[in-house]
Amino acid sequence: MVQSQGVQSLTIGQLASGGGVGVETIRFYQRKGLLQTPPRDSGIRRYGSEDVRRLRFIRQAQAAGFTLEEIKELLELDTGEDRGRARDLAQGRIEALDVKIAELKRARDSLQRLARECGHGSSGPCPILTSFGV
């Protein structure tokens, strides 16, 4: 019984600090429906282990590149058994990441080429600057 009372013991500041975010981020997630807003207890909202778990889930899903809308759907799926939909969302994110990786590789290759050209010439404008329109 004591353990269950301790579970609901975090203030919003403690939850934010533990999750590596600011208090306003917690409030933003609440407005977006990603985190619940607990009732006030003696004027203070108390957060528990489920809130910590959801916050960690949100942060990890963001790091994987999911949008907040997709994260909301994943959180809803979290309580169900819809593995197919979760897999579809992950596959879509993988495809988007593959596109981004290809774009980044092209940008890197272009910069490498420009850096080589800039290093080989000693007169005239720098190819890096001229390619960017300076």
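Sequence order sets the numbering: in each chain, residues are counted from 1 along the sequence as written. The model is predicted, so local features are restricted to residues of pLDDT at least 70 and side-chain atom pairs to those at 80 or more, both for listing and for counting; the totals for chains, interfaces and linings are taken over all residues. To get the side-chain values, take all heavy atoms of the structure and skip hydrogens and water.

Novice: Describe in detail unusual backbone geometry, supporting the description with residues and values.
Specialist: In this structure, Ser42 is a non-glycine residue whose phi angle is positive, near 55°. Going along the chain from the N terminus, every DSSP run of H or I of four or more residues is numbered as a helix, and every run of E of two or more is numbered as a strand. If you trace the backbone, Ser42 turns up in the loop between β1 (40-41) and β2 (44-45).

Novice: Requested: an account of the packing of helix α2 (residues 12-19) against helix α3 (residues 23-31), with residues and values cited.
Specialist: Fitting a line to C-alpha atoms yields each axis, with helices limited to the stretch in contact; the angle taken between N-to-C directions then spans 0 to 180 degrees. Here α2 crosses α3 at 100°, and the two axes come no closer than 8 Å. One way to sum up the angle between α2 and α3 is to call them roughly perpendicular. Between α2 and α3, the contacting residues are Ile12, Gly13, Leu15 and Ala16 on the first element and Val23, Ile26 and Arg27 on the second. To sort the angles, those under 35 degrees are grouped as roughly parallel, those over 145 as roughly antiparallel, those from 65 to 115 as roughly perpendicular, and the leftovers as oblique. Any two residues whose heavy atoms approach within 4.5 Å are treated as being in contact.

Novice: Lay out helix α4 (residues 49-63) with the relevant residues and their values.
Specialist: For α4, with 15 residues, the first-to-last C-alpha span of 21 Å sits near the 21 Å given by 1.5 Å per residue. Think of it in three bands: with a 1.4 Å probe and only protein chains considered, a residue is buried below 20% of the maximum accessible area for its type, exposed above 50%, and partly exposed in between. Looking at α4, one finds that the buried residues are Asp51, Val52, Arg54, Leu55, Ile58 and Ala61. Looking one or two residues beyond α4, the residue adopting positive phi is Gly65, at roughly 100°. Expected helix span is given by 1.5 Å per residue-to-residue step, counting one fewer step than there are residues.

Novice: Tell me about the packing of aromatic side chains, and please be specific about residues and values.
Specialist: For Phe, Tyr and Trp, where Trp contributes only its six-membered ring, two rings pair if their centres lie within 6.5 Å, and the inter-plane angle classes them as stacked under 30 degrees, edge-to-face over 60, or tilted in between. The full count for this structure, using the stated rule, is one aromatic pair. Ring centres of Phe28 and Tyr29 lie 6.2 Å apart, and the angle between their planes is 50°; this geometry places the pair in the tilted category. For Phe28, a relative accessible area of 31% puts it in the partly exposed group.

Novice: An account of the environment of Phe66 is requested, with residue identities and associated values reported.
Specialist: Note on placement: Phe66 falls in the loop between α4 and α5 (68-78). Here the alpha-carbon distance between Phe66 and Ile94, two residues 28 residues apart in the chain, equals 9.8 Å. Not counting residues up to four positions away in its chain, the partners in contact with Phe66 are Ala61, Ile71, Leu74, Leu89, Ala90 and Arg93.

Novice: Residue-level account of α2, with values.
Specialist: Regarding α2, the residues found buried are Ile12, Leu15 and Ala16. Down the axis of α2, the smallest arc covering the buried residues is 95°, so these residues share one side. In α2, the exposed positions that point more than 90 degrees away from the buried face belong to Ser17 and Gly18. Its buried side turned inward, α2 meets α3, β2 and α4. The first or second residue beyond α2 is Gly20, which carries a positive phi of 70°. As used here, the arc is the angular range of directions from the helix axis to the C-beta atoms.

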